[in-house]
Amino acid sequence: MFDAANDLCDVLMSHQVTDETSVDFGGILCPLCGEVHIRTGEALFPFCYFYSQTKERKYIESAARLIGWLFRTQNEEGSWGREGGDVPKGATVFVTAALCHAYQVAESDLEGEDRGMLDKMIRGGAEYVYRVATPQWAEKGEPGINWFICSSAALQLAYAVTGEEKYRERAKDNAFSGIEQMNEDGFLVGEGTTSLGSGLPSVDVARNLEVGLGALVVYSCLSGNEEVRRAVLRSLETHLNFITPAGYIDDSWGTRVCEWTLLGNVNGGGCQTALMPLRNCDARFQRAAGQNLRYMLKNMMKDGLVATGPHAKDNAEFVSCIKPTASRANTVCQALVYCCGVPLSPTGKSILPTEEKGWVRFYKSVNVIQVRTSALLCTISGYGAGGTVSHVWHSGFGVVQAGSGTIGDEARVWSLNEPPPTGCLTPRIEAEIDGELFSNLFEPRALLSLSGDSVSNDRFWISVRGCLKSASGKDSGLDYIIAYRLEGGIISKEIVVEGPRETSLRSVEPIVFARGCELDVGERSVEIKHPGGTSCILTAPPEHARIGPVSRENSIWHSFPALNAIPIVIEPAENANARRIIYSIELRD
């Protein structure tokens, strides 16, 4: 972790504005957005941490420049944030915590003027956070439960620096308000709005792991509060189930799926702070944190910066925003500090839950099912997504399918300046009625059920019922049933539509198409050959379905997560039931 954080720190320094005549002198310039983001102020802690570890002057000099920029940009009320830019409340919570961490490791190494500016900023930021971070703020739903929980860590850190008792008291209140938002499945509730009108609680796994739970771990380490620590451990038991064997986080179904990068959330900082300080409680935490970091280093880097998905590095047009790199450098440095001296748990399993085979889990509070066969890890989401397969992973192929933002989500993402999407990655049913498109993706209340499972023969059956709807929520008058059967490396699907309306039915199956993949189109099947040797084969029995034209030219791109995919369209076979489609997807080594 130390070397990875050091590399992130060095690339952040390389983007620092060193021209003393520039209004942004000392700030960290984003190569994508052409501005200095407030959230890059989080880099102050990594700069100070690596000076404390190496005593190399470049780190403390960069820290001093960044302190000057932050001092000039702090608002009179103590917040940071520009008109039309970062959300002041959220940005201020993160920056204040980073300033406190920096002060703790480098107070004696800073020049008197820099130390004075840092102290003044901490007091101003803490006072602003104290004033706005109330339970009433969290209840409004924005910026969300996780940013609210971060105030507990920021205020506890501010108490350690300033000695202000009110900060310690509010930190405790906010931490306890946070753990009260954990539901029966162990999810933190209150991240964004509820799922597309489904009435289900607003939950986001990646944001929970990378923001809220990490802040609660920091708070518990600083305060010694065992009740908070126990609550975090219970919640981590659930969230650990969504860290894949490859190390990335399956956030394919959360409220912020339009910000999912596979690694986690584009505005998160990483899961390391949530996991590493508690590795003495569960050895799996260290494995999960390490796997996640390795996935980032191997798959998510472009030009030294953290990207939004594994195919970004192959896209010539893609330039990374610098905010994720600053946030992840800050998180990994926190993990290094808080896990120092904490031994690895000597008992219990050290493999991830998703590395174990032969199980199914139904999270009824969010209407999501996970299935792990001997070959596949699969998520079926009824969380405002109509019971679609939102994620499939295979050890040889890697990511097979992954959900992305749909209509209504895109405006929230494309303000980030990444290349715009050319299609939706999420598998779906579509029907066209009088020129209007209806889909299961717009069904917020799909009914999921487990028809049975058997670990002994590696077979699982799941059924889904719902109504095809338009993006605006209009009812088509057509009900759909999806029967899934998962067995080994095979996902079989039977789709049936019922109702009085005439329609043209189709199923769209985008399959991830990585660099080096080959496409082989047959009369009844489509095979995508992965360079690692594994094939993904979609087969349509001629009596039940037919496959539309497929070619490389039809490939689609989505920046969140940054993936290329080949969309395969399956329709009812000619002279067959026009309201029924049967086909299978097989991963074969």
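Residues numbered from 1 in each chain as written. Predicted model: local features only at pLDDT ≥ 70, side-chain atom pairs only at ≥ 80, totals over all residues. Heavy atoms only, no water.

## Describing helix α13 (residues 323-338)
Each α-helix turn comprises 3.6 residues. Residues three or four places apart therefore point the same way. How we decide: Strands are runs of DSSP state E lasting at least 2 residues, helices are runs of H or I lasting at least 4, and numbering of each runs from the N terminus. Each helix should span, by expectation, one fewer than its residue count multiplied by 1.5 Å. Each residue is placed in one exposure class: buried if its accessible area under a 1.4 Å probe, protein chains only, is under 20% of its type's maximum, exposed if it is over 50%, and partly exposed if it falls in between.
The end-to-end C-alpha separation of α13 is 23 Å, in line with the 22 Å expected for 16 residues at 1.5 Å each. Among the 16 residues that make up α13, 15 are buried, leaving the element largely enclosed by the rest of the structure.

## Some thoughts on the pairing of strand β21 (residues 580-588)
Where we set the bar: Being paired, for any two strands, means DSSP has found at least two bridges between them.
Pairing of strand β13 (residues 490-498) with β21 involves seven bridges; the strand directions are antiparallel. Paired with K493 across the two strands is Y583, which belongs to β21. Pairing of strand β17 (residues 535-539) with β21, which is carried by five bridges, proceeds in the antiparallel orientation. By the bridge assignment, I537 is partnered in β21 with E586.

## Overview of the pattern of salt bridges
Where we set the bar: When a carboxyl oxygen of Asp or Glu is within 4 Å of a side-chain nitrogen of Lys or Arg, the pair counts as a salt bridge.
Applying the stated criterion across every chain yields a total of 30 salt bridges. Its salt-bridge partner being R284, residue E237 comes within 3.0 Å of it at the nearest N-O pair. Of this pair, E237 sits in helix α10 (residues 226-239) while R284 sits in helix α12 (residues 283-299), and the two are 47 residues apart along the sequence. R284 gets classed as buried once you look at its relative accessible area, which sits at 14%. Across the pair D314 and R515 runs a salt bridge, and its minimum N-O distance is 3.3 Å. One end of the pair, D314, is in the loop between β2 (305-306) and α13; the other, R515, is in the loop between β14 (504-512) and β15 (518-521), with 201 residues separating them in the sequence. Owing to a relative accessible area of 67%, R515 belongs among the exposed residues under this scheme. Three or more residues are tied together by salt bridges with common partners; here these are E191, R207, R256 and E259.

## A word on unusual backbone geometry
Following F560, the chain continues to P561 via a peptide bond in cis, the omega torsion being -5°. We note that L262 has phi near 75°; this positive angle belongs to a residue other than glycine. Residue placement: L262 occurs in the loop between α10 and α11 (272-275). With phi around 65°, N575 is a residue other than glycine that occupies positive phi space.

## Looking at the sheet that holds strand β6 (residues 388-394)
Sheets are built from strands paired through backbone hydrogen bonds, the pairs being either parallel or antiparallel. What counts, and what does not: Lines fitted to C-alpha atoms define the axes here, with helix axes fitted over just the stretch in contact, and angles between the N-to-C directions of these axes take values from 0 to 180 degrees.
Overall, antiparallel pairing links the five strands, which are arranged β3-β4-β5-β6-β7 in an open sheet. The two strands at the open ends of the sheet, each matched to only one other strand, are β3 (359-363) and β7 (398-402). Ignoring strand direction, the axes of neighbouring strands in this sheet form an average angle of 10°. As paired elements, strand β4 (residues 368-372) and strand β5 (residues 376-381) share five bridges and run antiparallel to each other. Following the sheet pairing, V368 is matched in β5 by S381.

## Some details on the environment of I429
Selection rule: Here a residue-residue contact requires only that any non-hydrogen atoms of the pair lie within 4.5 Å.
Among the structural elements, I429 can be located in strand β8 (residues 428-433). Relative accessible area serves as the criterion here: at 2%, I429 is assigned to the buried category. As a C-alpha pair, I429 and G386 span 43 residues in sequence and 9.3 Å in three-dimensional space. Sequence-distant contacts of I429, that is, excluding residues within four places in its chain, are made with F438, S439, N440, L468, Y480, I482, I495, L505, R506 and S507.

## Topic: the packing of aromatic side chains
Quick reminder of the rule: Here the aromatic set is Phe, Tyr and Trp, taking the six-membered ring for Trp, and pairing holds for ring centres within 6.5 Å; pairs whose planes are under 30 degrees apart are stacked, those over 60 apart are edge-to-face, and all others are tilted.
A complete count under the given rule lists 15 aromatic pairs for this structure. Ring plane angle 70° and centroid distance 5.6 Å describe the contact between F187 and W253, whose orientation is recorded as edge-to-face. Taken together, the positions of F187 in the loop between α8 (165-179) and α9 (205-223) and W253 in the loop between α10 and α11 put the pair 66 residues apart, joining distant regions of the chain. Side by side, F187 and W253 carry an identical accessibility label, which is buried. On the basis of an interplanar angle of 85° and a centroid distance of 5.4 Å, the ring pair of W253 and Y383 is categorised as edge-to-face. Of this pair, W253 sits in the loop between α10 and α11 while Y383 sits in the loop between β5 and β6, and the two are 130 residues apart along the sequence. By relative accessible area, which is 2% here, Y383 ends up buried. One aromatic cluster is present, built from ring pairs that chain together F2, F45, Y49, F50 and Y59.

## Some details on the packing of helix α1 (residues 2-14) against helix α3 (residues 57-73)
Between two packed helices, what matters for the description is the angle formed by their axes and the separation of those axes. The test is simple: Here the word oblique covers every angle except those under 35 degrees (roughly parallel), over 145 (roughly antiparallel) and from 65 to 115 (roughly perpendicular). Crossing handedness is defined as follows: a turn of the near helix away from the far one that is anticlockwise and smaller than a right angle gives a left-handed crossing, while the clockwise case is right-handed.
One can describe the packing of α1 onto α3 by two numbers: an axis separation of 11 Å at closest approach and a directional angle of 55°. In terms of axis orientation, α1 runs oblique to α3. Taken as a pair, α1 and α3 cross one another with a handedness that is left-handed. Residues N6, C9, D10 and M13 of α1 lie in contact with α3, whose contacting residues are K58, Y59 and S62.

## Some remarks on the packing of helix α7 (residues 145-162) against α8
To keep things clear, this is the line we draw: The classification used treats Ala, Val, Leu, Ile, Met, Phe, Trp, Tyr, Cys and Pro as nonpolar, Asp, Glu, Lys and Arg as charged, and all other residues, Gly among them, as polar.
Between α7 and α8, the least distance of the axes is 8 Å, while the angle of their chain directions is 155°. With respect to α8, the axis of α7 lies roughly antiparallel. Crossing hand, α7 versus α8: left-handed. From α7, F148, I149, S151, S152, L155, Q156, A158, Y159 and T162 reach across to α8, where they touch E165, Y167, R168, R170, A171, N174, A175, S177 and G178. Residue classes in the contact of α7 with α8 are distributed as eight nonpolar, seven polar and three charged.

## Considerations on the confidence of the model for the protein
Applied cut-off: pLDDT is defined as a per-residue confidence score from the predictor, taking values between 0 and 100.
With 94% of its residues at a pLDDT of at least 70, the protein reaches an overall mean of 93. Taken together, the stretch residues 408-415 has pLDDT below 50 and engages in 14 contacts with residues farther than four places along the chain or on a different chain.

## Brief notes about the side chain of K469
By secondary structure assignment, the location of K469 is in strand β11 (residues 459-469). Among all residues touching K469, those that are not within four sequence positions of it are L437, F438, S439, F442, E443, P444, K474 and D475.

## Digging into the environment of I369
Considering the arrangement of structural elements, one finds I369 in strand β4. Expressed as a C-alpha distance, the spacing of I369 and Q74, which sit 295 residues apart in the sequence, is 45 Å. Leaving out residues up to four positions away in the same chain, I369 has contacts with V360, R361, F362, C378, T379, I380, L448, L450 and I462.

## Quick look at the pairing of β6
Most of β6 sits out of view: seven of its seven residues are buried. Hairpin connection from β5 to β6: six residues lie between these consecutive antiparallel strands, with G384 at a positive phi of about 75°. Summarising the sheet, β6 and β7 pair through four bridges and their orientation is antiparallel. The partner of V392 across the bridge, within β7, is Q401. Counted between consecutive antiparallel strands, the loop separating β6 from β7 contains three residues.

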